[in-house]
Amino acid sequence: MVRQRVLALALLFAAFLALVASRAFPFLDDISGVAKTAITLAGATCGLAGVWLWLRKTPDSEG
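First, a word on what this report is: a plain description of the structure on this page.

1. Focus on the overall build of the protein
Next up, step 1: Counting its secondary structure elements, the protein contains two helices and zero strands.
Next up, step 2: Residues classed as buried in the protein amount to 19% of the 63 residues present.
Next up, step 3: Surface accessibility of the protein: about 4,900 Å² in total, with carbon and sulfur atoms responsible for 71%.

2. Notes on a nonpolar patch on the surface
Next up, step 1: Residues L9, L12, V51, W54 and L55 make up a contiguous nonpolar surface patch of roughly 450 Å² in combined accessible area.
Next up, step 2: When residues of the nonpolar patch are traced back to their parent elements, those giving at least two are α1 (2–23) and α2 (33–55).
Next up, step 3: At three residues, α2 tops the list of elements feeding residues into the nonpolar patch.
Next up, step 4: Relative to the assigned elements, V51 resides in helix α2.
Next up, step 5: Classification of V51 by relative accessible area gives partly exposed; the value is 40%.

3. A closer look at the packing of aromatic side chains
Next up, step 1: On inspection of all chains with the given rule, the structure shows zero aromatic pairs.
Next up, step 2: Taking NZ or CZ as reference, R5 lies 4.1 Å from the ring centre of W54, over its face.

Each value, and the rule that gives it
- Counting restarts for each chain, with residues numbered from 1 along the sequence as it is written.
- Restriction of local features to residues with pLDDT of at least 70 applies here, the model being predicted, together with a cutoff of 80 or more for giving and counting side-chain atom pairs; totals for whole chains, interfaces and linings are based on all residues.
- With hydrogens and water stripped out, all remaining heavy atoms of the structure feed into the side-chain values.
- Secondary structure elements are taken from DSSP: a helix is a run of H or I of four residues or more, a strand is a run of E of two residues or more, and numbering for both begins at the N terminus.
- The buried label goes to any residue with under 20% of its type's maximum accessible area, the exposed label to any with over 50%, and the partly exposed label to all in between, with areas taken from a 1.4 Å probe on protein chains only.
- Exposure was quantified through the Shrake-Rupley algorithm and a 1.4 Å probe, taking into account, for residues, occlusion by the shown protein chains and nothing else.
- Surface patches are drawn from residues lacking salt bridges whose relative accessible area is over 30%; two like charges belong together within 9 Å, two nonpolar side chains (Val, Leu, Ile, Met, Phe, Trp, Tyr) within 5 Å.
- Between Lys or Arg on one side and Asp or Glu on the other, a salt bridge is scored when a side-chain nitrogen of the former is within 4 Å of a carboxyl oxygen of the latter.
- Here a Phe, Tyr or Trp ring, Trp counted by its six-membered ring, pairs with any other such ring whose centre lies within 6.5 Å, and the pair is stacked when the planes are under 30 degrees apart, edge-to-face when over 60, and tilted otherwise.
- Criterion for a charge above a ring: Lys NZ or Arg CZ within 6 Å of the ring centre, and within 35 degrees of the ring normal.

Coordinates in, geometry out; function isn't part of it.
This is the structure in structure tokens:
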């Protein structure tokens, strides 16, 4: 359960960094639209996976 939560936090942090990278840095004007889309999709995937891991029930927590 603890490993699952740590991994979820790492994924949520990665999603946050992807959000910051896609919005805040001025050097993103120099990269292509495909790279911006890839950053956004990777961030969304990390965010969804992090939420899923955080909310997932383990077999020992049934009840």
